[in-house]
Protein chains: 2
Amino acid sequence: MSARVTVLTGGVGGAKLVEGLQQIVPGTHLTAIVNTGDDFEHFGLPISPDIDTLLYTLAGLSNVSLGWGREGETWSFMAAVKSLGGEDWFNLGDGDLALHVLRRMAKDAGQPLSEIVRGFARQWGLGLTILPMSDDPVATWVRTDEGLLPFQRYFVARRCEPRVNAIRLEGADAALPAPGVVAAIEAADMILIAPSNPWLSIDPILAVPGLRQALERRNAPLVAVSPLVGGKAVKGPTAKLMGELGLSVTNQTIAEHYGELLDAMLVHEGDPQPSGLSFAEADTLMNTARDRHRVAIAAMDLAERLTR
Amino acid sequence: MSARVTVLTGGVGGAKLVEGLQQIVPGTHLTAIVNTGDDFEHFGLPISPDIDTLLYTLAGLSNVSLGWGREGETWSFMAAVKSLGGEDWFNLGDGDLALHVLRRMAKDAGQPLSEIVRGFARQWGLGLTILPMSDDPVATWVRTDEGLLPFQRYFVARRCEPRVNAIRLEGADAALPAPGVVAAIEAADMILIAPSNPWLSIDPILAVPGLRQALERRNAPLVAVSPLVGGKAVKGPTAKLMGELGLSVTNQTIAEHYGELLDAMLVHEGDPQPSGLSFAEADTLMNTARDRHRVAIAAMDLAERLTR
C-alpha cells in the first residue's frame, strides 16, 4: 500500500517536488494544497500563478527556460495589447490566456476555484488532486520601503527590488479551507511542505484558520523540504527577504518559523542543520526529473522514519 | 474643400470601400457607421466582428488571405482552449484577443462601445471616425430550416448552409443611434452605403429608428455601391440568401430593397442596371488599394453628380 501524501506548495520550486512525488505516489494518494495568495486579476481575468505553474509543470507543458508559463508560448496578445496602449508590466502568453479566460467564464457562472482547477486537471489527464488552499480570496501584500505593494507588483513589476518590512495576508482570517483540504490533511499518512518561500508562498496557506487547525491536530508527520541550498535560495527572493526581515538565512531560521508544526526537515547536503529537530540530508537541487524523484523519495523516507 | 462623407458599412466588403475613401477623404471628413448586429459574446468576451474588420483593414493589419482577423496571427489560445475542452467553433486569434479582452474591461468599467472604438482607432492612428450604429445591443437572428439561429451560429458554425426564411433584428426598435451618428448623417455632403450584404449588414443599421429617421430627413445624396458582381456576391452569402428569400439576384432587387432612401447606385460594369434610379458603372472588384481608390472615386463622383 502506498502512503497517502499531502503537500503544501507554492509555484516553481514546489511544483518540482510535486512532480517528483507524482513519479512515486499514485494520483489517488497525492494531494497538493496550493497557495493562492499570489492570485490577482489582470485585464479583468483571474490569474492563479502558483496553481497554473503546478498545472503546467505536471502536465509537462511548463516553460523550463523562462521558469514560468508554457513551453512554446507565443506573445501576439501582449504585442497587440501594447499597440492599443494597454498595460504591459505582466506578460500573459497566448496559450496561457486560455486558463484565465476559461476561469473567468467559470467564475462568472458561479463555479468556485477548486472546482475550476479540478476541471483543468481532469482535461489534462492529471491523476493527483490539486486544491487551492481556499476558494475565498486571500491577497498577499508586501510592505516595503516603496510602500505597500500587492504581491505581483512587488514580484513582477518591481522584480523584488524594494526592501520588505512586513507581509500582510489580506482576507486570510475569514478564508475557509477549500472543500477537500481538511480531509486531505486528516487522511494523509504524511504531510510535506514544498521548498517554496516560507513567508510568501507557505505562510498564506498556513494563515487559513481551518487549514492551520487541521494541521495542528493532525496525526501524520510533517516534513519541510528546505528551500535553501548552500545558504541561498535556488530561485526567487527567499534569501533577500529573510535578510530584510532581520533573519539569518539558515535552515534553523526556517525551522523556527514553522515552529511546532514541523516534525522534521530535509536539508541540502552539507548545509548547516537545524537543531532540536529531526532532519535528513539530500542533494535538493531539482533540475531533472531524476532529481525530483530523488528529493521526493528523500522527503518521504524522512517522514516514514518518523512514524516507525 | 473636401466633401464630408458618411458611409454605412458592414465588414469585409464595406471595409474595402472605406479604405478607398480613406485614401481620398481627410479623416476629419470621413465617418463610418458600422453594423453591430453581428456582435456577440464568446468566452465571456464581447466580439464586434464588423467594427474589428474595419479597424484591422484601415490600420493595415487585416489578414488578406483569410478574409478576417489579423495578418501574421498565431493560434496558441485556441489550441489551449481545445486541450481544456472549450468550444472551438469560432476561432479567436491570439492578437485578435487583445481587442476583445480590452473591450470587456472597458465595458465592465462602464464605457459605451462608441467610446471604446474611438480609443482603439486613436491608438492605431486612424484619422476617420468609426461609429457603431448604436451603443445598445442589437442582435441579428436568422430564421432557417434548422430553426432560429444567432447570426454567428448561422454564419460561422453552420457556414451559411441552412436555408434562410427570415431575418430578425432583436433590440433594434429600442436602440438609440450611438452619439455622433445622427450628426454625421446631418453634416454629410454625401452618404454612401458600402457593398455589404443589404439584409444582414446594412438592414440592422437602417433598423435603428433614430438613425433611419435622420437618413429620411437628410439633405445629402445617398448612393449605394452594389455588392453584386456579374450577378453574384463577391464574398459571403448575399446571392444565396436573396434566392432563399424568393428574390432575384439583381441590382434592381437591391435598389427596391433600399427603396425611397436611395438616390443612386454604383453597379459593376456591364451588370444589368436598376431602373427608375440614377446609376453609374465601374469595375467594383476591390482587391488592391488601387481598386479601392477607384471604387471610392466612382461612388463619390456619382453622389456629386446628384448635387449639381
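The preceding data block contains the structure.
The shown structure was predicted, so the numbers you read here are calculated from the model rather than taken from an experiment.

A. Here's a closer look at a nonpolar patch on the surface. Nonpolar side chains collect at one region of the surface, where A:Leu66, A:Trp68 and A:Trp75 lie side by side and expose about 270 Å² of accessible area between them. Taking the relative accessible area as the measure of exposure, A:Leu66 reaches 37% and is therefore partly exposed.

B. Molecular detail of the environment of A:Met190. All names here are of chain A. With respect to the helices and strands, the residue Met190 is situated in strand S9 (residues 190-193). Residue Met190 is classed as buried on the basis of its relative accessible area, which comes to 3%. As a C-alpha pair, Met190 and Val7 span 183 residues in sequence and 8.5 Å in three-dimensional space. Contact partners of Met190, with chain neighbours within four places excluded, come to Ala3, Arg4, Val5, Thr6, Ala220, Pro221, Met300, Ala303 and Glu304.

C. Region of interest: the packing of helix H8 (residues 198-206) of chain B against helix H11 (residues 251-258) of chain B. All names here are of chain B. For the pair H8 and H11, interaxial distance at closest approach is 12 Å and the crossing angle is 15°. As the angle between them shows, H8 and H11 are arranged roughly parallel. Between H8 and H11 lies a crossing of right-handed hand. Residues Pro198, Trp199, Ile202, Asp203 and Leu206 of H8 form the contact with H11, whose own contacting residues are Thr253, Ile254, His257 and Tyr258. Split into classes, the residues belonging to the contact of H8 with H11 amount to six nonpolar, two polar and one charged.

D. Up close: the pairing of strand S1 (residues 5-9) of chain A. All names here are of chain A. Of all the five residues making up S1, five are buried; the element is thus mostly covered by neighbouring parts of the structure. Here S1 shows two buried faces, one formed by Val5, Val7 and Thr9 and the other by Thr6 and Leu8. Pairing geometry for S1 and S9, over four bridges, is parallel. Following the sheet pairing, Val5 is matched in S9 by Met190.

E. A look at the interface of chain B and chain A. With 23 residues of chain B at the contact, the number on the chain A side is 24 residues. Counting the surface lost from both chain B and chain A, the interface buries some 2000 Å², and carbon and sulfur atoms represent 74% of this. Inspection of the region where chain B meets chain A yields zero salt bridges. Seen at the junction of chain B and chain A, the total is seven residue pairs in polar contact (both at pLDDT 80 or more). Taken together, the elements giving at least two residues each to the side of chain B that touches chain A come down to helix H3 (76-83), helix H4 (97-108) and helix H5 (113-123) of chain B. Considering each element in turn, the side of chain B that touches chain A owes the most residues, six residues, to H4(B).

F. Geometry of the relation of the copies chain B and chain A. The two copies are related by a screw operation: chain B maps onto chain A through 180° of rotation and 0.0 Å of translation along the axis, at an RMSD of 0.0 Å. What the rotation and shift describe, once combined, is the action of a two-fold rotation axis. Measuring from the rotation axis to each C-alpha of chain B, the shortest distance belongs to B:Asp94, at 2.8 Å. Interface overlap between copies is the fraction of interface residues in one copy that are interface residues in the other; for chain B against chain A it reaches 100%, indicating a shared surface.

G. Highlighting the packing of aromatic side chains. Residue and element names in this part refer to chain A. Scanning the model with the defined rule gives 16 aromatic pairs over all chains in all. Centroid distance Phe40 to Phe90: 4.8 Å. Interplanar angle 70°. Geometry classified as edge-to-face. One end of the pair, Phe40, is in strand S3 (residues 40-42); the other, Phe90, is in the loop between helix H3 (76-83) and helix H4 (97-108), with 50 residues separating them in the sequence. Residue class for Phe40 comes out buried when judged on its relative accessible area of 18%. A ring pair is formed by Tyr56 and Trp124, whose centres lie 5.8 Å apart and whose planes are at 35°; its orientation type is tilted. With a gap of 68 residues between them, Tyr56 in helix H2 (residues 49-58) and Trp124 in the loop between helix H5 (113-123) and strand S5 (129-132) connect regions that are remote in the sequence. Accessibility expressed as a relative area gives 14% for Trp124, which makes it buried. Within the aromatic cluster, the residues linked to one another by ring pairs are Phe40, Trp89 and Phe90. The ring of Trp141 has Arg168 lying over it, and the distance from NZ or CZ to the ring centre is 6.0 Å.

H. Quick peek at the sheet that holds S5(A). All names here are of chain A. Taken in spatial order, the seven strands of this open sheet run S5-S2-S1-S9-S10-S13-S14, and their pairing is parallel. The open sheet has two edge strands, S5 and strand S14 (278-282), and neither has a second partner. Put simply, the sheet's adjacent strands are angled 20° from each other on average, direction ignored. Sheet topology places S1 next to strand S2 (residues 30-34); five bridges connect them, and they run parallel. Residue pairing in the sheet places Thr9 in a bridge with Val34 of S2. Set on the sheet, helix H11 (residues 251-258) makes contact with S9, strand S10 (222-225) and strand S13 (264-268); between it and S13 the angle comes to about 155°.

I. The arrangement of the sheet that holds strand S7 (residues 147-150) of chain A in detail. Residue and element names in this part refer to chain A. With antiparallel pairing, the three strands of this open sheet are ordered in space as S7-S6-S8. Each edge of the open sheet carries a strand with a single partner, namely S7 and strand S8 (164-170). Between one strand and the next, the sheet's axes are offset by a mean angle of 25°, whatever the strand orientation. Bridging between strand S6 (residues 139-144) and S8 involves six bridges; their strand directions are antiparallel. Each residue of the ladder has a partner; that of Val142, found in S8, is Ile167. Strand contacts of helix H8 (residues 198-206): S6 and S8, with the helix running at about 25° to S8, the strand carrying the most contacts.

J. Spotlight on the side chain of A:His100. Counting through the fold element by element, A:His100 comes out in helix H4. Those residues in contact with A:His100, other than ones at most four positions away along the chain, are A:Leu45, A:Pro46, A:Ile47, A:Asp52 and A:Leu92.

K. Local environment of the side chain of B:Arg104. Residue and element names in this part refer to chain B. Here Arg104 shows up in helix H4. A polar contact of 2.9 Å, which involves the side chain of Arg104, links it to the side chain of Glu41. Within polar-contact distance, the side chain of Arg104 engages the backbone oxygen of Gly44 at 3.1 Å. Setting aside residues up to four positions removed in sequence, Arg104 forms contacts with Glu41, Gly44, Leu45 and Pro46.

L. Local environment of the pairing of S2(A). Residues and elements named next belong to chain A. A large share of S2 lies buried, amounting to five of its five residues. What you see with S2 is no split at all: Leu30, Ala32 and Val34 on one side and Thr31 and Ile33 on the other are buried throughout. Read from S1 through helix H1 (residues 12-22) to S2, the crossover connection turns out right-handed. Here S2 runs beside S5; their pairing, made up of four bridges, is parallel. Residue pairing in the sheet places Val34 in a bridge with Pro132 of S5.

Definitions and cut-offs
- Residues numbered from 1 in each chain as written.
- Chains lettered and ligands numbered in written order.
- Predicted model: local features only at pLDDT ≥ 70, side-chain atom pairs only at ≥ 80, totals over all residues.
- Heavy atoms only, no water.
- Patch = residues over 30% accessible without salt bridge, like charges linked within 9 Å, V, L, I, M, F, W, Y side chains within 5 Å.
- Areas by Shrake-Rupley, 256 points an atom, 1.4 Å probe, with all protein chains shown as cover.
- Salt bridge = Lys/Arg side-chain N within 4 Å of Asp/Glu carboxyl O.
- Buried < 20%, exposed > 50% of the residue type's maximum accessible area, 1.4 Å probe, protein only.
- Helix = DSSP H or I, 4+ residues; strand = E, 2+ residues; numbered from the N terminus.
- Contact = heavy atoms within 4.5 Å.
- Axes fitted to C-alpha atoms, helices over the stretch in contact; angles between N-to-C directions.
- Parallel < 35°, antiparallel > 145°, perpendicular 65-115°, else oblique.
- Left-handed = near helix turned anticlockwise from the far one by under 90°.
- Nonpolar A, V, L, I, M, F, W, Y, C, P; charged D, E, K, R; others polar.
- Pairing = 2+ DSSP bridges.
- Buried area = accessible area lost by both parts, 1.4 Å probe.
- Polar contact = N/O pair within 3.5 Å; in protein donor to acceptor, adjacent residues only side chain to side chain.
- Least-squares fit on C-alpha atoms with pLDDT ≥ 70 in both.
- Phe/Tyr/Trp six-rings, centres within 6.5 Å; stacked < 30°, edge-to-face > 60°.
- Lys NZ or Arg CZ within 6 Å of the ring centre and 35° of its normal.
- Right-handed = clockwise from strand over helix to strand, strands pointing away.

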